[in-house]
Number of protein chains: 2
Amino acid sequence: MEDHPQSTLVDVAREAGVSRATVDRVINGRPNVKAKTVAKVRDAMARLHYRPDPLAAGLARRSRHRFCFVLPTGTNAFMQDLATQIATMGDWLARNRAFVDRVEVDVFDPQALATALDELPRAYDGVAVVALDDPLVRASIDRLVADDVPVVTLISDVPASRRLRFVGIDNSAAGRTAAMLLGRFLAGQKGAVGVLVGSLSLRDHMERCFGFSQLLGREFPGLRILPVVEMRDDRDLAETAVRDLLKAHSDLVALYNAGAGNQGVAAALKAARKTPRLVFVAHELTALSRELLLAGVADAVIAQNPGHEARSAARLLLSRGLDEAIIAEQERIRIDIFLRENLP
Amino acid sequence: MEDHPQSTLVDVAREAGVSRATVDRVINGRPNVKAKTVAKVRDAMARLHYRPDPLAAGLARRSRHRFCFVLPTGTNAFMQDLATQIATMGDWLARNRAFVDRVEVDVFDPQALATALDELPRAYDGVAVVALDDPLVRASIDRLVADDVPVVTLISDVPASRRLRFVGIDNSAAGRTAAMLLGRFLAGQKGAVGVLVGSLSLRDHMERCFGFSQLLGREFPGLRILPVVEMRDDRDLAETAVRDLLKAHSDLVALYNAGAGNQGVAAALKAARKTPRLVFVAHELTALSRELLLAGVADAVIAQNPGHEARSAARLLLSRGLDEAIIAEQERIRIDIFLRENLP
DNA sequence: CTGAAAGCGCTTACAG
DNA sequence: CTGAAAGCGCTTACAG
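None of these values were measured; they are calculated from a predicted model. (Residues numbered from 1 in each chain as written. Chains lettered and ligands numbered in written order. Predicted model: local features only at pLDDT ≥ 70, side-chain atom pairs only at ≥ 80, totals over all residues. Heavy atoms only, no water.)

In the vicinity of DNA strand C lie 27 residues, with A:Leu9, A:Arg20, A:Asp24, B:Arg25 and B:Thr37 positioned nearest. Note that a phosphate oxygen of DNA strand C is positioned 2.6 Å from one of the side-chain N or O atoms of A:Tyr50. Between a phosphate oxygen of DNA strand C and a side-chain N or O atom of B:Thr37, the distance comes to 2.3 Å. Among the secondary structure elements, those contributing two or more residues to the surface near DNA strand C are α2 (20–27) and α4 (54–61) of chain A together with α2 (20–27) and α4 (54–61) of chain B. In terms of residue class, the surface near DNA strand C is made up of 12 nonpolar, 6 polar and 9 charged. (Near = heavy atom within 4 Å. Polar contact = N/O pair within 3.5 Å; in protein donor to acceptor, adjacent residues only side chain to side chain. Helix = DSSP H or I, 4+ residues; strand = E, 2+ residues; numbered from the N terminus. Nonpolar A, V, L, I, M, F, W, Y, C, P; charged D, E, K, R; others polar.)

In structure tokens form, the structure reads like this:
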């Protein structure tokens, strides 16, 4: 059992022959200390292997962290899950003197999102936003950052903005993953593949499509990708879209839904009663997609973990406020693949 | 922007008309307080929405947490990764006044592991152990727990023991997942399937085999599972095993390695140059398995995240020491599926 | 059964 | 440029 002796700031002060206030100045890089004194203190710190206690510092500073999470309105199951996860981490955050507010905005309206961001009190110590890649939104994010409010983008990125970081998955890779599974599950079958998205002006949906087409085209030449259908993540529009695809293409063998609205897709597939079943790959683990997987309607679900993403966003903002290092590996959001067998 | 006013213990003392020491007694359930006083304090706490500050409490208590992680010796890449991840969280732990030591033992020797556990200083505030499901080991774990040292099992469980919790994946489900992927990738092809493990007396390997056979037998009747080969996670033994399988079964179409030693499997597959390629599913994401995936030698890798597991074990032990709640969802270890396309 | 006082390791005015 | 003193929110002996 190893020893872990901790020397304190007082020990360093004594060793260096200065006061605690001076040691504090050196540790925190505050001004007005003679270079010679700085050196003395640094030496003492090194000799004693001093490691400051950030918890005590936080207490003395009475520091609090207020964060704001900006989420899209609506009943999308994934976003609801995300909201729940944010609420769930409240206790943990409170223990770290951190608090999060939530704001909801229409995700399909860049102007509304930009305004919401502009109206955010600059007293916030950090903002996490499910963004829209739009010049207006980008400008609003940059204004926040200019006002010294760190911003992380969540789920959907605005790469050109000055956000601290993007918390989400590589959506092109997610699309490629979907294509690989779908292609291999079809195993040589030839035919048409339908692709649905909420909107091609949503960066994440667009990137999934891109990755999907890219890989399918390269690896599975027997499969023909049909023109992408936008259905605004609406289950009725999705249902109609799938019905139309089935009607128009008798050789339809598979479906990839890069957006929400799986309820509609499932309804159309059920009504069609095609044999052999179409291969169907969807996104996000929800009560519904889980059911579809168990029922054998969906073959695979590509997912990201909203709990992980919420905590990661909070940790990043917190680490910024506390000036602490992060564990990079912990903040990498993975592309999850779920089959019926590895459902959590 | 919401307000988050915090009342302190002093506020509660004033409101209840008692001293801080008494409030402290009530908060922490210490004895020697009149029921009436307890009630007064409770009321005041409720009125002020008082929430104790665990960081300040930790400071005043000068509490430190010493944990010990007991890992298998050897050069197994996954275990090395686990060791690295444990080291990586040192900084974060230190900030929380926690420290971890590491002990290494031969994983194939129950007696050695039991002795190592018995010899662990009872001053530890928690132990995480990559266990062996053996009566000797179980008894040693139970002795630790009896001595008031909480234990979590890591990666491989001892379900009958009194361990606080198991940090790892559901290995039967992992085996089923492997079977599902392998079966679907074969897509109707008939033939023999080879299965390798390190040892059937390792609970995790055994459970993977079990899940694998169960699902393959049920869902893919065209595939014939060959008798399981034990190769002690040794690359040379693994290579020989695969060579033998290839020689003995001309209809071998797929391979599942539930253990380590993928290097040997890959070498044998390479030497055989069979067309069409065998479908090969392996476990754990390592430098090698990643390469095999990229090279198209392995079709899928079933994995667990050692960084997540190390942090989860530490969080569980820490939450025990601090008497704090955990976020259950965060401590669930997922069965990861990696294809070439979603490699991190 | 209860409280006054000192202290945990650091920071913050304030004085010089 | 530097230090003495008070304080962050809680706990710990000790006294009564």
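On to the environment of A:Pro344. Tracing the chain through its elements places A:Pro344 in the segment after β12 (336–338). A relative accessible area of 33% means that A:Pro344 is categorised as partly exposed. Taking the C-alpha atoms as reference, A:Pro344 lies 9.6 Å from A:Arg290; in sequence the two are 54 residues apart. Filtering out sequence-adjacent residues up to four positions away, A:Pro344 remains in contact with A:Leu285, A:Arg290, A:Phe338, B:Arg332 and B:Arg334. (Buried < 20%, exposed > 50% of the residue type's maximum accessible area, 1.4 Å probe, protein only. Contact = heavy atoms within 4.5 Å.)

Below, the discussion takes up a nonpolar patch on the surface. Taken together, the side chains of A:Leu200, A:Met206, A:Phe210 and A:Val228 make up a nonpolar region of the molecular surface, amounting to roughly 310 Å² of accessible area. When you line up the elements, A:Val228 lands in the loop between β7 (223–225) and β8 (229–230). (Patch = residues over 30% accessible without salt bridge, like charges linked within 9 Å, V, L, I, M, F, W, Y side chains within 5 Å. Areas by Shrake-Rupley, 256 points an atom, 1.4 Å probe, with all protein chains shown as cover. Salt bridge = Lys/Arg side-chain N within 4 Å of Asp/Glu carboxyl O.)

Here the UniProt feature "domain: HTH lacI-type" (unreviewed entry) sits at residues 7–61 of chain A. With 67% helix and 0% strand, residues 7–61 of chain A has end C-alpha atoms that lie 20 Å from one another. (UniProt positions renumbered as here; feature names shortened; annotations may be inferred.)

Each pair of packed helices can be summarised by the angle the axes make with each other and by the distance between the axes. All names here are of chain B. Taken N-terminus to C-terminus, the directions of helix α11 (residues 235–248) and helix α12 (residues 262–272) make an angle of 35 degrees; their axes are 7 Å apart at the nearest point. Crossing hand, α11 versus α12: right-handed. Between α11, through Arg235, Ala238, Glu239, Val242, Arg243 and Leu246, and α12, the contact on the second element is made entirely by Gln263, Gly264, Val265, Ala267, Ala268, Ala271 and Ala272. Residues belonging to the contact of α11 with α12 are distributed by class as follows: 8 nonpolar, 2 polar and 3 charged. (Axes fitted to C-alpha atoms, helices over the stretch in contact; angles between N-to-C directions. Left-handed = near helix turned anticlockwise from the far one by under 90°.)

Residues A:Leu182 and B:Leu182 are the most contacted members of the largest nonpolar core, which totals 110 residues. Among residues more than four places away in sequence, those in contact with B:Leu182 are B:Val193, B:Phe212, B:Leu216, B:Ala254, B:Leu255, B:Tyr256, B:Val279 and B:Val281. (Core = buried A, V, L, I, M, F, W, Y, C linked by side-chain atoms within 4.5 Å.)

In this assembly, 58 residues from chain B lie in contact with 58 residues from chain A. Across the chain B/chain A interface, buried area totals approximately 5400 Å², and carbon plus sulfur atoms make up 55% of it. Its largest share of buried area at the contact with chain A, chain B owes to B:Met1, B:Arg95 and B:Glu341, together 15% of the area lost on that side. At the surface where chain B touches chain A, the tally comes to 15 salt bridges. Here B:Arg340 and A:Glu219 are joined by a salt bridge, their closest N and O atoms 3.6 Å apart. On inspection of chain B and its partner chain A, the count reaches 12 residue pairs in polar contact (both at pLDDT 80 or more). Considered class by class, the residues forming the side of chain B that touches chain A number 26 nonpolar, 9 polar and 23 charged. (Buried area = accessible area lost by both parts, 1.4 Å probe.)

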